[in-house]
Amino acid sequence: MARKVIITCAVTGAIHTPSMSPHLPITPEEIAEAAIGAAEAGAAIVHLHARDPRNGKPDQSPEAFAPFLQVVKQRSNCVINITTGGAPTMLVEERVRPAAYYKPEVASLNMGSMNFGLYPMLNRFKEFKHDWEESYLEGSRDRIFRNTFSDIEYILTTCAENGTRFEIECYDIGHLYTLAHFVDRGLIKPPLFVQSVFGLLGGIGPHPEDVAHMKRTADRLFGSEYQWSVLGAGKNQLPIAAQAAAMGGNVRVGLEDSLWIGPGRLAKSNAQQVQMARQIIEGLGLEIATPDDARNMLSLKGGDRVNF
Ligand code: KMH
Ligand code: ZN
């Protein structure tokens with residue numbers, strides 16, 4: 001039997017701003033269409049953020065999520081993952097509110113405080129439609145994406161009692177050790193879903209050796225008790241997906257992580273990146289996981305046990 005590979009699609013996020021691509025989903029309708037399109041193309045999990053439809057600014061109020069959560073749930077069986085990362089400008093109490101309220105099957109969980117450098121994108125993008133965009137990017141020179149031990153514990157205790165499990169985002173090797181610490185304390189239970197992030201300025205780089213070292217370390221710490229997934233930022237997205245799929249991993253794509261489908265070519269949709277990931281996976285003789293496969297692999301509670 002071919003191994004099954006979970007494709008996660010992160011459709012909008014909080015890294016890119018509306019002026020960077022006309023294809024970045026902004027409104028609830030666009031976010032819903034993007035998520036449903038990604039699921040139809042083969043994503044088992046959709047990772048969702050919300051934005052203010054008037055200006056595209058990241059919005060972590062539970063009300064901002066309501067209009068698309070219900071639509072995606074009605075039109076797709078995909079696993080819905082709600083961010084607790086929100087944006088690096090937000091504090092943890094604000095960031096956790098949508099996941100605490102909607103009790104999704106999966107929520108993201110960021111495993112360490114770090115620099116989160118978005119300002120190099122100012123070299124490429126120079127004209128902005130909305131006032132907040134340039135200062136948001138520029139401000140990342142002096143901003144810490146705060147995820148202290150106490151922040152992580154707060155998210156874990158708030159969400160775990162709802163049966164929500166986690167997409168555990170690890171941007172460096174030390175984050176794997178922080179995860180091992182929380183596993184030792186019994187606050188996170190296997191099977192772990194480790195989303196390792198490569199090529200984000202402030203975290204580990206995108207070199208194949210970085211990917212191999214992440215996997216080696218996670219194998220040593222978690223053995224068979226974890227599912228490994230990768231996310232390559234920007235142009236690293238598909239090369240890292242291909243490397244990790246060949247090494248036994250799962251993959252994440254989506255416009256949250258990369259606006260591109262090839263050198264200098266903007267992706268026209270999230271589904272286009274999912275199709276590309278699917279081609280790579282199937283080209284390797286592997287199968288894509290359905291949402292129910294992903295539920296089995298990650299021991300999720302089921303799409304009928306959420307609060308939306
Ligand atoms: N955009 C990713 C690098 C979250 O939503 O919790 C980080 C992320 C954070 O996905
Ligand atoms: Zn995210």
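Residues numbered from 1 in each chain as written. Chains lettered and ligands numbered in written order. Predicted model: local features only at pLDDT ≥ 70, side-chain atom pairs only at ≥ 80, totals over all residues. Heavy atoms only, no water.

- As recorded in an unreviewed UniProt entry, the chain goes by 3-keto-5-aminohexanoate cleavage protein and comes from Microvirga makkahensis.
- Turning to the chain, the UniProt annotation filed under Cofactor (unreviewed entry) states: "Zn(2+)". (UniProt positions renumbered as here; feature names shortened; annotations may be inferred.)

1. Examining the nonpolar core
Then comes step 1: Counting residues in each nonpolar core, the largest one holds 70 residues, and the members touching the most others are Ile7, Leu48, Leu69 and Ile80.
Then comes step 2: When residues in this core are grouped by element, the largest group, eight residues, is from helix α1 (residues 28–41).
Then comes step 3: Apart from residues no more than four positions distant in its own chain, Leu48 is found in contact with Val11, Ile31, Ala35, Phe65, Phe68, Leu69, Ile80, Asn81, Ile82 and Thr83.
Then comes step 4: Counting 27 residues, the second largest nonpolar core, distinct from the first, contains Met20, Leu24, Phe145 and Ala233. (Core = buried A, V, L, I, M, F, W, Y, C linked by side-chain atoms within 4.5 Å. Buried < 20%, exposed > 50% of the residue type's maximum accessible area, 1.4 Å probe, protein only. Helix = DSSP H or I, 4+ residues; strand = E, 2+ residues; numbered from the N terminus. Contact = heavy atoms within 4.5 Å.)

2. Things to note about helix α4 (residues 131–138)
Then comes step 1: Turning to α4, its buried residues number three or more, namely Trp132, Glu133, Tyr136 and Leu137. Taken down its axis, α4 places every buried residue within 120° of arc, on the same side. (Arc of directions from axis to C-beta.)

3. Observations regarding the coordination of the zinc ion (ligand 2)
Then comes step 1: Protein coordination at the zinc ion (ligand 2) comes from His47 (NE2), His49 (NE2), Glu256 (OE) and Glu256 (OE), with a distance range of 2.0 to 2.8 Å.
Then comes step 2: For the zinc ion (ligand 2), the six donor atoms in the first shell make angles of 51 to 169° at the metal, a pattern classed as irregular.
Then comes step 3: Sequence spacing among the residues donating to the zinc ion (ligand 2) works out to H-x1-H-x206-E. Here the residue His49 occupies a position in the loop between β3 (45–48) and α2 (62–75), and Glu256 occupies one in the loop between β11 (250–253) and β12 (260–262), the gap between them amounting to 207 residues. Summarising the burial analysis for this pair, His49 and Glu256 share the class buried. (Donors = N, O, S within 2.8 Å, 3.2 Å for Na, K, Ca; no water. Tetrahedral: all angles 85-135°; square planar, octahedral: opposite > 155°, others 65-115°.)

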